[in-house]
Amino acid sequence: MSANNYDAIVIGSGISGGWAAKELTEKGLKTIMLERGRNIEHIKDYVNATKAPWEFPHRGGRTQQMIKDYPVLKRDYPLNEMNLDYWVNEKESPYTEVKRFDWFRGYHVGGRSLMWGRQSYRWADLDFEANLKDGIGVDWPIRYKDLAPWYSYVEQFAGISGNRDGLSVLPDGDFMPPMEMNVVEKDVAARINNHYKGSRNMIIGRVANITVPHNNRTNCQYRNKCSLGCPFGGYFSTQSSTLPAAKATGNLTVRPWSIVTKILYDKDTKKATGVEVLDAENNQTYQYFAKVIFLNASTMNSAWVLMNSATDVWPDGLGSSSGELGHNLMDHHLGVGAGGTVDGFEDKYYYGRRANGIYIPRFRNLNGDRRDYIRGFGYQGGASREGWSRDIAEMNIGAGFKDALSEPGGWSMGVGGFGETLPYHENRVYLDKTKKDKWGLPILAVDATTKENERKMRIDMANDAQEMLENAGVKNIKQHNLEPVLGRGIHEMGTARMGRDPKTSVLNGWNQVWDAKNVFVTDGSSMASSACQNPSLTYMALTARAADYAVNELKKGNI
Amino acid sequence: MNRREAVGSVALLLGGSILGAEFFISGCKSTNNADNVADLFKPETVLFFNEIGETILPETKTPGAKAANVGEFMGVMVRDCYTPKDQKIFLDGLKKLDIAANKKFGSGFMDLKPADRTTLFNGLDNEQKEYTKTKKKDDPDHYFRMIKELTLLGYFTSEVGCTQALRYLPVPGKYDGDYAYKPGDKAWAL
């Protein structure tokens, strides 16, 4: 085997790329993982993970220089002093916003697995069946039963803590012991469950933080500093989980600074032969060859790679024969919910910083409920006691003020919605050939927006939040409903959707590109609908399932 | 990336610049000479800020803002995190603060007795609270609100603030959602 020949190539090293590398190497394939950005080594490179608040010159805040350098990231919470190095350099890698789209990217080994929210939920059959029933988009080529064993498989390895709540809308998984609700959350949960007679439920979040030691990883230490990288390996990331497993096989090569510019396609065999790589450091071009390719560059960048590939056969790129490549971009719409204060419980507090909250699974458009929109939403949230930044109306300054702020304030409870966005053909990414990035490569243009279904849903998302909190005894409730901006959910999905028909989808039911059977796309781009659950666990399951299939097909000589 | 983490920190200071001419009163005894951002790091300005901070968060059973050196922190934040417009409001505000001291007590802030400083700041805080209540969304913040927020942020995130005024647990190791609390127990830092 020559230096540039492998059994498998994995493009991208985030949540799904890490899984692809682990599965393929464990099944004996010599694999190279190509990552466009720098390396980040587990623990050693988490340079801010154990710093105290006072060790940050701006205490975690954002400087005017940061705001200038990060015109996209500044739009929401990710821009902060503590993990700035985990976010893409926006000057080097611009994109065109036909309409506002907040694209928060991490270009480094581990990708956004280092900074992700870690909420991990299975989809249910109602999610996989929804497109067919509603006549929206294309029918998913798989159902829950196809993915259920793979959910179990990835949960057991990744380590998902959660309670088995027995809810059909949110299937239970193979969980580690759940984290605990605090006293106020328990009270609110009981009241909601009681008021809605079990038709609405508040449960503890199911989260990829391990609650018992697992695979040489220390259980979560309740620091709640996950997004800085965890020196304990307390949450699932490529670095803490899949990468060590893949490396242990001896079959993995990781190549950082490797921008895959195209997949090399042989029109005679109708298969990919490898990839072309632009070295981001020395600007040299290299080729790598393999029997099977997993494309896991993240939803929008995987579409970009495909659009740049096999253009001699299909002007719009590999996988474009259906006319759907780059289309049907989705995200979860959020920034809507309610919160208020909770009387009492002054003799209760909490110990530790739980890196998790509560979850209220979808309850709309279920069991006979019919709204003026389709699909639904879930909520995340939590209860806590106020800290020193609260207002104390009757005090201005001085000793009493200081001592009062040194004690916790009253309890408050809030929830924020995550709503399903439908797959609209016209919501899309495409190549903007008028502009180039730092490396002279064409950049992506994004043209996507929420529509009437999402806007109608948001009215319920705000009102239902208020109503449930009221029924749970929460006081002084305030609603919020910000302008829905796609991208803010950081759950991009759907630019190379799976389907049953090559005429209307980019991938088949095994995440294979219809037009190149040895190319598998198993990140968010493969999603045919968005549901309202956080999607990463589903990418993990799809990836493990596709890798298993790919290796079997390889053995059979089918690819 | 935890969306809940984004909530709860002190509001970032935004807004444009509107400034009355009232402070151009002649004969006012100024006790600070910070005319630009670089001046914020002069030892006398840092001391001025520390005295301001100490008036807002004085030493009690726990050290005050001066012990946390919030004076230096305020300069860093104004220099690095404020827009030029807010920097101007802040710098002009320091002069207004001295003018208010002169009006009320006949001398600049630094020359006031602690009790008079407290009286002065209670008045200024009432003023900023009134202003904040009625201000439009895009109006700038009141300078005294800026000073107060920087003091609180600087103090409660400092080593002194985290470990003495509050309880700091770098590695809690466990979670207890039903943890006993009695009045006087300190809040957790972070």
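Just so you know, these numbers come straight off a predicted model, no measurement behind them. (Residues numbered from 1 in each chain as written. Chains lettered and ligands numbered in written order. Predicted model: local features only at pLDDT ≥ 70, side-chain atom pairs only at ≥ 80, totals over all residues. Heavy atoms only, no water.)

Caption draft 1: Representation of the packing of aromatic side chains in the model. Throughout the structure, instances matching the rule amount to 36 aromatic pairs over all chains. Between Y222 of chain A and Y175 of chain B the ring centres are 5.9 Å apart and the planes differ by 25°, which places this aromatic pair in the stacked class. You can see Y222 of chain A sitting in the loop between β4 (203-204) and α6 (238-248) and its partner Y175 of chain B sitting in the loop between α6 (159-165) and β1 (176-180), one on each of two chains. A residue is classified by how much of its surface remains accessible, and Y175 of chain B, at 12% relative accessible area, is buried. Taken together, a centroid distance of 5.0 Å and an interplanar angle of 10° make the contact between F294 of chain A and F520 of chain A stacked. With a gap of 226 residues between them, F294 of chain A in strand β9 (residues 292-295) and F520 of chain A in strand β19 (residues 516-521) connect regions that are remote in the sequence. These aromatic residues form a ring-pair network of at least three members: Y349, Y350, Y351 and W411 of chain A together with Y179, Y181 and W188 of chain B. Stacked on the ring of Y235 of chain A, the Lys or Arg R118 of chain A has its end atom at 5.9 Å from the ring centre. Here R385 of chain A stacks its cationic end above the ring of Y349 of chain A, 5.6 Å away from the centre of that ring. (Phe/Tyr/Trp six-rings, centres within 6.5 Å; stacked < 30°, edge-to-face > 60°. Helix = DSSP H or I, 4+ residues; strand = E, 2+ residues; numbered from the N terminus. Buried < 20%, exposed > 50% of the residue type's maximum accessible area, 1.4 Å probe, protein only. Lys NZ or Arg CZ within 6 Å of the ring centre and 35° of its normal.)

Caption draft 2: Examining unusual backbone geometry more closely. Residue and element names in this part refer to chain A. Of note, the phi angle at I43 is positive, near 70°, even though the residue is not glycine. Inspection of the secondary structure puts I43 in the loop between β2 (31-34) and α2 (64-69). Here R59, not a glycine, exhibits a phi torsion of approximately 55°, which is positive. Among the structural elements, R59 can be located in the loop between β2 and α2.

Caption draft 3: Structural detail: helix α1 (residues 43-56) of chain B. In this model α1 of chain B runs 20 Å from its N-terminal to its C-terminal C-alpha over 14 residues, within 8% of the 20 Å that 1.5 Å per residue would give. Extensive coverage of α1 of chain B is indicated by the burial of 11 of its 14 residues. Restricting attention to buried positions, one finds in α1 of chain B the residues T45, V46, F48, F49, N50, E51, I52, G53, E54, T55 and I56 of chain B. Next to the buried residues of α1 of chain B lie α8 (399-405) of chain A together with α2 (70-81), α3 (84-105), α4 (114-134) and α5 (143-156) of chain B. (Expected span 1.5 Å × (residues − 1). Contact = heavy atoms within 4.5 Å.)

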